[in-house]
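# Structure assessment
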Amino acid sequence: LLANLLYSLPPYYQEFLRHETKNILFYLAIVYTFFGFLYYYYSPREKINPRKGILIFNAIKKSFLEKKLVFNKIEKTAVLFIFVKFFFLPIMLNFFLDNYFSLKSQLPILIRTSSLLSMEGFNFIIFPFLLALFFLIDTLWFAFGYAFESRLLKNEIRSVEPTILGWIVALICYPPFNSFLTKFTNWYANEQIIFFNDTLTFFARMVIVALLFVYVSATLALGAKSSNLTNRGIVSRGPYSVIRHPAYISKNLIWWITIIPIASWSAVLGMAIWSFIYHLRTITEEKHLGQDHDYIKYKKQVKYRYIPFVY
């Protein structure tokens with residue numbers, strides 16, 4: 001409930017969040033509070049997960065009494081994940097709802113149109129629909145991952161990104177921080193961009209759909225473990241059985257494809273900066289996950305970061 005109150009105060013959240021997002025967050029807060037109370041009241045003390053909210057409360061209480069931060073490793077992980085959830089959950093819910101309403105508005109057009117199998121039908125009806133559908137699936141999965149953590153889901157937090165650089169390069173990729181960087185680098189990538197003619201647009205969008213399929217497949221492979229800045233268990237299925245960062249490389253390749261019609265040095269420079277940021281995310285994530293023996297084994301099995309048999 002406190003988190004929901006904090007979402008309603010800053011002007012950023014008041015303007016950015018849809019009213020549907022605010023409603024979902026409100027009901028989630030009620031559910032968390034009600035079932036959290038039942039969990040702590042009825043569970044035997046020895047069976048209560050030490051990473052839950054009560055752990056955070058005790059850590060804050062201890063720090064307040066001693067007038068300094070005295071979190072142990074488990075308490076620090078729990079507190080950091082609260083920050084991760086607080087930042088990313090409303091964003092992913094908002095993105096999910098944006099894509100849901102986009103999909104809903106396009107569905108009648110998709111049903112009524114008789115020329116879907118034409119090049120024009122794919123470029124201007126099927127492709128926008130697939131964009132919204134893929135991103136809806138992606139953001140729904142991540143929203144679920146941020147909202148729920150459970151032994152049953154096998155997505156309990158093992159660790160949270162410990163470095164400032166890791167947090168910076170992750171947060172700067174999302175609003176409101178990404179808007180600060182785009183003031184200096186500009187942002188030219190646009191999945192809806194028209195290429196030089198209908199044929200080139202068709203083939204470019206076919207490649208984009210293929211890359212989006214890889215991107216969403218990576219999200220589905222993560223399942224309930226989907227989240228940024230955390231280790232919730234190592235995933236080696238789907239695209240992750242081929243390369244270690246399928247989501248990052250597919251997303252960046254899509255962006256590079258969409259700036260081709262612009263063909264300006266400023267667009268190339270801006271995209272290069274964003275790709276470098278994602279590369280820094282790769283480096284910081286691998287350093288963080290490298291503290292997990294399961295990830296060390298995974299790196300030996302999957303040797304390539306971005307491109308099979310190349311790098």
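As shown above, the structure is provided for reference.
From a predicted model like this one, the values you see are computed outputs, not experimental measurements.

Regarding its fold elements, the chain presents twelve helices and two strands. Reading the chain from its N terminus to its C terminus gives the helix and strand order α-α-α-α-α-α-β-α-α-α-β-α-α-α. Burial statistics for the chain: of 311 residues in total, 45% are counted as buried. Of the contacts formed within the chain by residues at least 6 apart in sequence, a portion of 74% connects residues at least 24 apart.

Our next topic: helix α10 (residues 246-258). With 13 residues, α10 ought to run about 18 Å at 1.5 Å a step, and its terminal C-alpha atoms sit 19 Å apart, in line with that. With eleven of 13 residues buried, α10 lies mostly within the body of the structure. Turning to α10, the residues buried within the fold contact α9 (198-222) and α11 (265-289).

Below, the discussion takes up the nonpolar core. A general feature of soluble globular proteins is that nonpolar side chains tend to end up buried together. Formed by 65 residues in total, the largest nonpolar core has its most connected members in Val84 and Phe88. Counting residues per element, the ones that place at least two in this core are α3 (19-42), α5 (73-112), α6 (119-147), α7 (164-171), α9, α10, α11 and α12 (293-301). The element that contributes the greatest number of residues to this core is α9, accounting for eleven residues. Ignoring any residue separated from it by four or fewer positions in sequence, one finds Val84 in contact with Leu89, Tyr146, Val160, Trp167, Asn228, Leu229 and Thr230. Membership of the second largest hydrophobic core comes to eight residues, among which are Phe96, Phe129, Ala132 and Leu136.

Note on placement: Phe124 falls in helix α6. Separated by 78 residues in sequence, Phe124 and Phe202 have C-alpha atoms that sit 9.6 Å apart. Contact partners of Phe124, with chain neighbours within four places excluded, come to Ile194 and Arg205.

This part is about unusual backbone geometry. Here Pro175 and Pro176 are connected by a cis peptide whose omega angle stands at 5°. Within the element layout of this structure, Pro176 appears in the loop between α7 and α8 (177-185).

On to α5. Over its 40 residues, α5 extends 57 Å from the first C-alpha to the last, a length consistent with the 58 Å expected when each residue adds 1.5 Å. If you look at α5, its biggest bend is around 30°, right at Gln106, and the proline Pro108 turns up within four residues after that.

Before going further, it helps to examine the pattern of salt bridges. For the structure shown, the criterion picks out seven salt bridges. We note a salt bridge from Arg244 to Glu286, for which the minimum N-O separation is 2.8 Å. Separated by 42 residues along the polypeptide, Arg244 in the loop between β2 (230-231) and α10 and Glu286 in helix α11 bring together distant segments of the chain. Here Arg244 and Glu286 have matching classes, each one buried. Within this structure, Arg244, Glu286, Lys299 and Arg305 form a network of salt bridges that share partners.

What follows is about the environment of Thr163. Inspection of the secondary structure assignment puts Thr163 in the loop between β1 (159-160) and α7. Residue Thr163 is classed as partly exposed on the basis of its relative accessible area, which comes to 29%. In sequence terms Thr163 and Leu229 are 66 residues apart; their C-alpha atoms lie 9.9 Å from each other. Side-chain polar atoms of Thr163 contact the side chain of Glu161, separated by 2.4 Å. Looking at Thr163, its side chain comes within polar contact range of the main-chain nitrogen of Gly166, at 3.0 Å.

The rules behind each value
Residues numbered from 1 in each chain as written. Predicted model: local features only at pLDDT ≥ 70, side-chain atom pairs only at ≥ 80, totals over all residues. Heavy atoms only, no water. Helix = DSSP H or I, 4+ residues; strand = E, 2+ residues; numbered from the N terminus. Buried < 20%, exposed > 50% of the residue type's maximum accessible area, 1.4 Å probe, protein only. Contact = heavy atoms within 4.5 Å. Expected span 1.5 Å × (residues − 1). Core = buried A, V, L, I, M, F, W, Y, C linked by side-chain atoms within 4.5 Å. Bend = angle between axes of the 7 residues up to and from the residue. Salt bridge = Lys/Arg side-chain N within 4 Å of Asp/Glu carboxyl O. Polar contact = N/O pair within 3.5 Å; in protein donor to acceptor, adjacent residues only side chain to side chain.

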